[in-house]
Structures are given as structure tokens and as C-alpha cells.
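What follows is each chain in one-letter form.
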Amino acid sequence: MLRFIGSFFGAIFTAVTLGIFFGALTVGAIFWMYSRDLPSHEVLKQYSPATISRIYTGEGRILDEFVKEGERRVFVPAEDIPDLVKQAFISAEDKNFYVHHGYDATGMAAALIDAVKSRGQDLRGASTITQQVAKNMLLDGTRTGAKGVERKIKEIILATRLEETLTKDRILEIYMNQIDLGQRSFGVAAAAQSYFNKTLDELTPGEAAYLAALPKSPGRGLHPVRDYDRAVERRNYVLREMWDNGYLTEATYLAEKDKPLLTVQNGDYPSFRDSLPERSYFTEEIGRQLSTHFGEDEFYNGGLTIRATIDPELQVEAEAALRKALESYDRGLGRWRGTGKTVPEDQLTSEDSWRKALSAVDVPRDIDGWYPAVVLEVGDRTLSVGIEGVPVTEAEPQVVPRSDIDWMRGSFADNFKRGDVIHVRRVTKNADGSFVRWSVRQVPEVQGAFMAMDVNTGRVLAMQGGFSYQYSIWNRATQAMRQPGSSFKPFVYAAALDSGFTPATIVIDAPIEVNTPQGLWTPKNASNKFYGPTPLRTGIEQSRNLMTIRIAEEISMQTVAGYAERFGVYDNLAPYLANALGAQETTLMKMVAAYAMFANGGERVEPTLVDRVQDRSGRTVYVHDKRVCENCTAGDLPRGDGVTVTSNRERVMDAITAYQLTSMMQGVIQRGTARGINLPVPVAGKTGTTNDAKDVWFIGYTSNIVAGCYIGYDQPRGLGSVSGGGFCGPVFEEFMATAIKKYGGTEFKVPPGGYFVKIDRFTGARLPDTASGDNVVAEYFREGEEPIFGLGALVDGGFEMGQNLPLYAYGETESASSASVTTATGETKVIPGKADFGTVSSGGLY
């Protein structure tokens, strides 16, 4: 009997042993079979998820973010994820995370029982965080049937390998940055913003627990509003697990589980998106440039941190000054166009319905002080409106008085109808800001651009590419190719100053004819007058076309083209004389950058909207300023000493030429075509007005800031009787008044190597050092240069102009065939053939 019992149990033992052996062999074979063609887990060593790129001001305020469509992720390294958040996810998903080796056998057994009970329909749970990383990053998401079993086996194998390759913190980092948590938010940092408008270290235990509950059902089932009760239940489950695991005290657990679930979606917190500034011309241009520089994939998915050069205060001023000028011009035309959008009549029956309908209408909402509104009633003396975001109160009745549309042709009934979507603006008293009335507004048809930058670094401080970015994203500062007109003339004069001319050189202002392939071209001055021999300075101050053409002809258009290309205004300027007057198109950004080189003494600067770019790891991958600070790392500096910054920039222009040109362009402001501009520091600049005033310009600068304005229609047509000085000048002046308060300004730096001589600006004659008066100007000449002063000379009985001629003359009498003049030496001469030098008038200067 005992032998039988022994044999029986021996057989059982043998069978069990063989079963275990063959079972292990079978399991081993299965795992070996599925491990042969697994994807490499090594790729996760270089895990680098698609992450949003963000633009910040120099002070660290977020300006904009660029997101891969459908996937918003903010990458956070493991060491920067608070322990509270880690503990919440570990409690919810894998409480044995720090002790298992990739899989949790106990959890798997429980999941197997559930699978048997559901006849294979539920293969839920049991996946550790490591397994989830393997599944989400390396495998597909199959959950049911044979494929589900196969995927689970592969998951376990890969998880085991990951645990051997990566640290626990690295695995947790991948998981918490990759996980989909709903609301287009991937990763815990993005989710914290989307649900609570908080950073990770600002989350409460209850908020962290809610986020940790979401991986079970990120897209549905746990929405904080639609599924509030279930969301709270699941949050409290995670809180209880955190307490059970020793991460929370009982008091904290009890306090947190009784709190309501407050979220952005329920209106308890403002949305982080509401705190972001609207997309602007500035940030869009950064996106355009950096996506070209780094490639679109790296820019949109690389998690770049971008420090913009923008000065927010000056940007606001640029927008306001440009909009003011454009709107003023538009109102002067007297035409109402509106938005062209309407709200259907059946949606005007109640305040709730029209507010809902109005919020869905696509109209610009980025214009400071403007509100979208819908016309509710058109009266004879008033226009009743409903205004978006503004409650109806007796203190501020939402009506527009008849007096507000005096600028407009026709009555309310002629221009408006019920249901029209318009813009309105609150008009207030300057003294106390109290409400006066509502005023109708419309986006002007005429457009323009404005840009300002630091003359020494090229940092763009402000850029406005149109009236409203939301109305038109086309950036007229960087993308609109327009004729610069007379604002190009300084490049002609710069070339002349480097070709032997001086500010006192006499150039004849008289008719000229040019043969072109299109026929005979006879350019004229804007005044349609001729002024005879005139000092070079006056030519730029008064923007004389004929003088500019003669200069370009004398020094050659090839020389002018070389200067324009060297300054970056053009890549290839065609050598036609008409281009000396700014006939070839360029952009406002290129013109402003070129003027910066006049202002800084002739050194090359490249305009930039970005100071620095860092990758997701904080490594600097781009920096604009290449200047070297010689003593910035010194422990201390002698009292009164500043840091020494060495520039290695290319010189594109002689420093004396730059100063001479700047001095001449100061005259444009003081007594020339921009004499209406009045600022408290020295300013130089140049106006530009093209044929039929299709494009008007003004570009000017102080010792440290250059700014430019362009205005015109997108489909060019005449603006009427306007000019660059009269239209763009006030925009520049209004902006610069604010810029000067912040950045100041000094006299323009006089370079070494020259000397001053007082000149009569009307005749070009040299004056005593003690001379004073409106006609006196101090011109700067190069050392060793012996300037010849005078208007012209009598040569062989005829009158000639030229910078090397010693005499000038006063016209006395004229006849059909000759003119009598008195020369500088007092001699009276009769000059035959007045047509040789233009019309001579009695008393005129020649």
C-alpha cells in the first residue's frame, strides 16, 4: 500500500514537474518566438517628443506658441516634475512601479481572471507604466482577441528590456510627457494648463489626482463638466490610493476628496489661451523666418524657446500710431463699407441668441478698443446695437448718435440695416475716462506698415504689418514689395559723397531728357519748377528729382546700384536712371535696416526679431548679437567705467560719409519735406512719395532708433493729394515721442578725420566762422580735402556747373539769347545761350 501511495505521488510529482518543465518551455518558446521581430527599444534612449515652441519677450512674458496641429505638448524633464504629480500617476497606474522589473505578476493574474470572466472581451489593466510606454511608443494599441494576447506578450518582453536599458525616472519622464490627457493636451504640463491654467508645481493634490485619472479615459467619460460626477469619483479613487500608498496624510486626503472639481472647462479658471496675446504680425514673422532657418518640423515640434526682440510698450505705440493715420485717411473719404457680415433675422429675437450668433461671426477682434457689434435697430437719430462682451446698462446705453457719422455720406438708413455686424468703440472723456458715447468703426481699405529697430544691434523693437492681423495676415513690412520713391535718394547721395561730392557741391536743377527703350523720359520735380544751380544739401532736403538724376548720371547708375545692393536694399538694382528716384520695388524692412547703417556710422547690421533660441534642453542654438564683451566676466569694474563691447561688423560706408548724409537728412526734418516733425532730440530722415502718390514713405532715426512707415493700397492706386511727410511723418513722430521717452537720444556722433566749415546753404559759399542766421549751416569736410565753394563758373563765355569750378554768379538781366551775370569777383559778364543752363531770372542764383 505504501509502495502504491509512493508510486502515485511520485507519478503526480513527475507529471507536475514535467508539466512545469514543458509549460516553462512552451512559455519560453512563445516569448522567444515573439521576441525575434520586436522593434528596437533602444530608440527610446533618444526620446524627443513633438513639443510646442514658444516665443517670449525679453522679460519672460509669453507672446505666442506654435503647435503641431492636434497635439499640444510641453516637455518637462523628470527632475522638474513635482513629486506630488509623480505620486498621483504612480498611485493611479502602477503602485509597484519602483519595485517591479517591467511587469507586475499580481496585477496580471487579476487581469487574467477578468479576461476569463468576460470571455476574452476585456483585457484591461495590469499594464505597468513601463508596459504602457512600450505599448504607446513601440507597439499598436490592439486590446482584444488573439492580437491582443500577442501584443500583451510583446509588451512584457519590451518592458523587461526597457527596465534593463533606462532608469525608472527616464521611463516615468517618457510616460508623463507622452500620455494623451484630453483637450488636445499631451503630457502632464500641457494638461495642467488646459484644465487648471496652472504650472505643475501649482497643482493641488486633488488636481494632480484628476490628471492621473485621465489616462483611463482621456477623450470621453471623465470630462470635468459633462461627466462631473464620474470625474470626481475617479479623482477621489486616486486620492485614496495616494493615501493608502503613504503619499498623503489622512487629513489631506479627507480635505481634498470633499472639494469640488474646479476647472477651466467649467469657467472656474480663465483659460491659459485667453492669457496668450493674439497672434500678431511680429510673432507670425518669427514663425516664418525660424521655420525656414530650422525647418518646419524642428520649429513646430522641437520645443524651442525663443526670446523675441520686441518692446511691448513700443509695439502698442506702433499699432496705435499707424491705425490712427489709416483710419483718419479712410474717414476723410466719407465712404462706409462695414464688415460685409450679418446676423440672420431669426437670431436677433433675444439677447442670448444674438450674442451667441455674434460670437460666431468671423471679424477682427485684435484692434485695441474695438468691439464687434450687431445692429438691432436703425433709427433716424440713433443706431441701436448689441455689443459683444459688454453688458447692457443704463449708464452706457448701446446706441450710436447721429453726430457720430457726420464724416459719412448719407444717414443711418442709407448705410446700415438690422443684423449688420459692425465694429464700435467706446468714446470717453480725456479728463476722467468717463463714458461719452459709442462710435462706429470700420477697417480702412488703405493699408500700411511700420517698423522700428535698434540702429546698433538690428533688434526689431516694433513691427506692424497692417491695420489688423486678423483682418489680413499679409505682412506689409516684410512681404509687400513697393516703390520707395524719394526715400531711396539717400543712397544716391551717399554714392556721390564717396565719389568726390560734398554737401556744398553745386548741382544744377534744370530740365533733363533721357532716352529710354520706352521713349523720351523727361523727369520733373514734384513742384514742376526748376531751381538752377543748388547745393547738394538742398537737393536732399527739398527732395529734388532733377538734381538726383544729374548726380546719378554723373557718378553712374552702376555705382548707385552697388551702394543699394551693399546696403541690402536690393539684390540686383537695374542700372536705369529712373531707379535713382526709387522706381524699383523693395520692402520696408530692407529700407529701415539700410537707414540704420546711416545712423550707426556705416556699420552693417542685420535686422532680427529674435535675440536667442534655445532647444528643449536649454542649449542655445542661435544668438543674434555677435559682438564681444571684453570685460563682462570681470569681478568688478572701476567706478564710473562701463563694459567694453567690441564690434566685428563689416563697414559698408565711410564714417564721415555717414555723418555728412545724416547731417543733410537732419535738414529734411528742420526745413525740408518733413519739417512738420518736432521731437526733443536730433532726428534725421527722408520722405518718399511715388508717382500719383500710390505709395508714401517716411524713414527716420535718432542716435539709437530707426523707424519707417509705408502707406498705400494693396492694389496700388493714387492716394490723392498726400505726401510721405504729411501722411507717414505723423506716424513716425507719434511713435518716436514714446520711444525717446524710454530710450533717449543724443547728438549724432561726429567721426574723427574731418573739420567743420560754415556754408551759405543757398549759395554754397563759404562763410566766416562767426556767421549766423537761417542761411548758415556747418558742413563737415574730410581732412586733406580742399572743398571748392560756389555755384558755377564762366568758361569760354558759357556757364558750366561742376564741383571743381571756383566761381558763382548772380543773374541780373536776361534776353532771348543771353543773360548778364555778376561773378564772385565782381565782374559783369554776358552769357549767351541761356538754354544751356536753364531759365535765368533776374536776381536768381546760378
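Residues numbered from 1 in each chain as written. Predicted model: local features only at pLDDT ≥ 70, side-chain atom pairs only at ≥ 80, totals over all residues. Heavy atoms only, no water.

Caption draft 1: Spatial organisation of the environment of D80. Locating D80 in the fold gives a position in the loop between β3 (72–73) and α2 (83–93). The partly exposed category is assigned to D80, whose relative accessible area is 49%. Sequence separation between D80 and D201 is 121 residues, and the spatial gap between their C-alpha atoms is 8.9 Å. (Helix = DSSP H or I, 4+ residues; strand = E, 2+ residues; numbered from the N terminus. Buried < 20%, exposed > 50% of the residue type's maximum accessible area, 1.4 Å probe, protein only.)

Caption draft 2: A look at the packing of α2 against helix α8 (residues 205–213). Between α2 and α8, whose axes approach to 8 Å, the crossing angle comes to 45 degrees. Here α8 runs oblique to α2, going by the angle between their axes. For α2 against α8, the interelement crossing comes out right-handed. Of α8, the residues touching α2 (which contributes L84, V85, A88, F89, A92 and E93) are P205, A208, A209, L211 and A212. (Axes fitted to C-alpha atoms, helices over the stretch in contact; angles between N-to-C directions. Parallel < 35°, antiparallel > 145°, perpendicular 65-115°, else oblique. Left-handed = near helix turned anticlockwise from the far one by under 90°. Contact = heavy atoms within 4.5 Å.)

Caption draft 3: Region of interest: the packing of helix α17 (residues 489–497) against helix α20 (residues 557–566). Packing of α17 against α20 brings their axes to within 9 Å, and their N-to-C directions diverge by 115 degrees. Relative to α20, the element α17 lies roughly perpendicular. Here α17 runs over α20; the crossing is right-handed. Together, F491, V492, A494 and A495 of α17 and T559, V560 and Y563 of α20 make up the contact between the two elements. A class-by-class count of the residues in the contact of α17 with α20 yields six nonpolar, one polar and no charged. (Nonpolar A, V, L, I, M, F, W, Y, C, P; charged D, E, K, R; others polar.)

Caption draft 4: Just the sheet that holds strand β12 (residues 460–464), in detail. Strand order across the open sheet formed by five strands is β12-β11-β23-β22-β21, with antiparallel pairing between neighbours. Each of the sheet's edge strands pairs with one partner strand only, and the pair in question is β12 and β21 (684–689). Between one strand axis and the next, the sheet turns through 5 degrees on average, direction left out of account. Sheet topology note: the strand β22 (residues 695–701)/strand β23 (residues 705–712) ladder contains seven bridges and is antiparallel. When the bridges of β23 are listed, D695 appears paired with G712. This element, helix α14 (residues 312–333), spans β11 (447–454), β12 and β23 of the sheet and lies at about 30 degrees to β12. Against the sheet, helix α24 (residues 729–743) touches β11, β12, β22 and β23, its axis set at about 155 degrees to β23. (Pairing = 2+ DSSP bridges.)

Caption draft 5: Just the confidence of the model for the chain, in detail. Mean pLDDT over the chain works out to 86, with 84% of the residues at or above the 70 mark. Long-range and interchain partners of residues 821–826, a stretch whose pLDDT sits below 50, account for 21 contacts in this model, where long-range means more than four residues apart. Long-range and interchain partners of residues 832–846, a stretch whose pLDDT sits below 50, account for 45 contacts in this model, where long-range means more than four residues apart. (pLDDT = per-residue confidence, 0-100.)

Caption draft 6: A look at the packing of aromatic side chains. Per the stated rule, a full pass over the model turns up 33 aromatic pairs. Relative to F467, the ring of W370 has its centre 5.4 Å away and its plane inclined at 50 degrees; by these criteria the two rings are tilted. One end of the pair, W370, is in strand β6 (residues 370–378); the other, F467, is in the loop between β12 and α17, and 97 residues separate them in sequence. Exposure remark for W370: the relative accessible area of 9% places this residue in the buried category. Relative accessible area serves as the criterion here: at 1%, F467 is assigned to the buried category. Taken together, a centroid distance of 5.4 Å and an interplanar angle of 80 degrees make the contact between Y659 and Y780 edge-to-face. In this pair, Y659 sits in helix α22 (residues 655–671) while Y780 sits in strand β25 (residues 776–782), placing the two residues 121 residues apart along the sequence. Per residue, the accessibility class of Y659 equals that of Y780, and both read buried. Taken together through their ring pairs, the aromatic side chains of F488, F491, F567, Y570, Y595, F598, Y701 and F748 make up a single cluster. (Phe/Tyr/Trp six-rings, centres within 6.5 Å; stacked < 30°, edge-to-face > 60°.)

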